[in-house]
Amino acid sequence: RAKELGRNNFQFFSEDMNHSILEHLSLEKEINEAIARQQFSLVFQPKISLFDFGITGVETLIRWQHPEKGMITPDRFIPVAEETGQILEIGSWVLEQSCRQISSLIRSNVLPEHAKVAVNLSARQFTDPHLLQRIRSVLEITNIPPHCLELEITESTLMEDVESAIQIMQEIKKTGVAIAIDDFGTGYSSLAYIKRFPIDVLKVDRSFVMDIPEDKNDMAITAAVIAMAHKLSMTVVAEGVETQEQLQFLRQNNCDEGQGYLFSRPLSLGQLHQFLSENERLKDNNDITL
Ligand code: C2E
Ligand code: MG
Ligand code: MG
Ligand code: MG
């Protein structure tokens, strides 16, 4: 295109930038349509106790079924929605839907009473002045006990403004809702802050788990993070557990819970029902038991 415009035309944007700005604009418009036409749905990924292989809860993950483009992954549209502010409306929907679904699963005894639903919060949602009010009203509408809800916040979100993050977290804690730090190890948090954050759960990022047992450094880091988190009274969840070797290493190092394709991919509500009824069998499965 630069050539067609001739050599005297000044190009502000490189071809790549042009492309991404255009894609961004059309995504913004399509996200609005997606909200209006209810193209979003939730899937649920089980979290498994590494002590007894029982289910401890589920993380809800958003999906976008686009009428022409098919499934669009959250990594592509969440950052755009975050930038445009559309994440507030989407996030509100995710929070309420997650609580509704978990509430019916607990009430019908499909999930154990202590099971939690973990919902991802983006940076903009976390700093939204209406967040607390929203959490309180969702707990009330869906009638779930606060201890059944856990909010996953990434390390980088917390580091944007540490002092106000601590305040918001303390307010969340007062409602009885638990806080998990997501993707731990990928941000730039300093240990001086970690000890001041009221964190219940630490999720070790998949990038550290991925190369176990080949990468000795990742193994050292993972083991040290688990030990540190336990000293700070946090529960540790390993993300992206895919192999027996990883599971074995995590168990040897007292990691509390695991999440990953080895146990289950993210599931639709129907599939989750199926998974839960088979969970007893999973516990006895030789593929997973050491
Ligand atoms: P996350 O919160 O760290 O979620 C874990 C991601 O890892 C999910 O990707 C999940 O499908 C994937 N995963 C789980 N186990 C394995 C495994 O064993 N191997 C591999 N390779 N991947 C695994 P997904 O669903 O594509 O979500 C990506 C990210 O998008 C999430 O990362 C989260 O940051 C964001 N996201 C998803 N749903 C929501 C939402 O409702 N709200 C917000 N704000 N962000 C969301
Ligand atoms: Mg998460
Ligand atoms: Mg994560
Ligand atoms: Mg991650």
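For the structure, see preceding data.
Calculation rules
- Residues numbered from 1 in each chain as written.
- Chains lettered and ligands numbered in written order.
- Predicted model: local features only at pLDDT ≥ 70, side-chain atom pairs only at ≥ 80, totals over all residues.
- Heavy atoms only, no water.
- Buried < 20%, exposed > 50% of the residue type's maximum accessible area, 1.4 Å probe, protein only.
- Helix = DSSP H or I, 4+ residues; strand = E, 2+ residues; numbered from the N terminus.
- Pairing = 2+ DSSP bridges.
- Near = heavy atom within 4 Å.
- Polar contact = N/O pair within 3.5 Å; in protein donor to acceptor, adjacent residues only side chain to side chain.
- Areas by Shrake-Rupley, 256 points an atom, 1.4 Å probe, with all protein chains shown as cover.
- Donors = N, O, S within 2.8 Å, 3.2 Å for Na, K, Ca; no water.
- Contact = heavy atoms within 4.5 Å.

Asker: Can you help me understand the pairing of strand β7 (residues 201–204) in this one?
Answerer: For a regular strand, the rule is simple: side chains alternate between the two faces of the sheet. Alternating positions in β7 separate into two faces, Val-201 and Lys-203 on one and Leu-202 and Val-204 on the other, with burial throughout. Where strand β6 (residues 178–184) lies against β7, three bridges are found, and the strand directions are parallel. Looking across to β7, one finds that Ile-181 is bridged to Leu-202. Here four bridges tie β7 to strand β8 (residues 235–238), and the two strands are oriented parallel to one another. Note on β8: the bridge partner recorded for Lys-203 is Val-237.

Asker: Can you help me understand the site of ligand 1 in this one?
Answerer: Lining the immediate surroundings of ligand 1 are 23 residues, of which Arg-63, Asn-120, Asp-182, Glu-242 and Tyr-261 lie closest. Ile-62 has a polar backbone atom sitting 3.1 Å from a nitrogen atom of ligand 1. A distance of 3.3 Å is found between an oxygen atom of ligand 1 and a side-chain nitrogen or oxygen belonging to Glu-239. The protein chains hide 84% of the 800 Å² of surface that ligand 1 would expose on its own. Elements with a minimum of two residues in the shell around ligand 1: β2 (55–66), α3 (74–84) and β6.

Asker: How should the coordination of the magnesium ion (ligand 3) be read in this particular structure?
Answerer: Angles at a metal have ideal values that depend on geometry: 109.5 degrees with four tetrahedral donors, 90 or 180 degrees with six octahedral donors. Every protein donor of the magnesium ion (ligand 3) is accounted for by Asp-182 (OD), Asp-183 (OD) and Glu-239 (OE), and the metal-donor separations fall at 1.7 to 2.3 Å. Here the magnesium ion (ligand 2) and the magnesium ion (ligand 3) are spaced 3.6 Å from one another, each receiving a donor from Asp-182. On the criterion of sequence distance, the pair formed by Asp-182 in strand β6 and Glu-239 in the loop between β8 and α12 (244–252) is long-range, its members being 57 residues apart. For Glu-239, a relative accessible area of 11% puts it in the buried group.

Asker: Just checking my understanding: could you explain the side chain of Gln-259 for this structure?
Answerer: Checked against the element boundaries, Gln-259 lands in the loop between β9 (257–258) and α13 (269–284). On the basis of relative accessible area, Gln-259 is assigned to the buried category, the value being 2%. A polar contact is formed between the side chain of Gln-259 and the side chain of Gln-45, at a distance of 3.0 Å. Those residues in contact with Gln-259 that sit more than four places away from it in its chain are Gln-45, Pro-46, Lys-47, Glu-59, Lys-203, Val-237, Ala-238, Glu-239, Gly-240 and Val-241.

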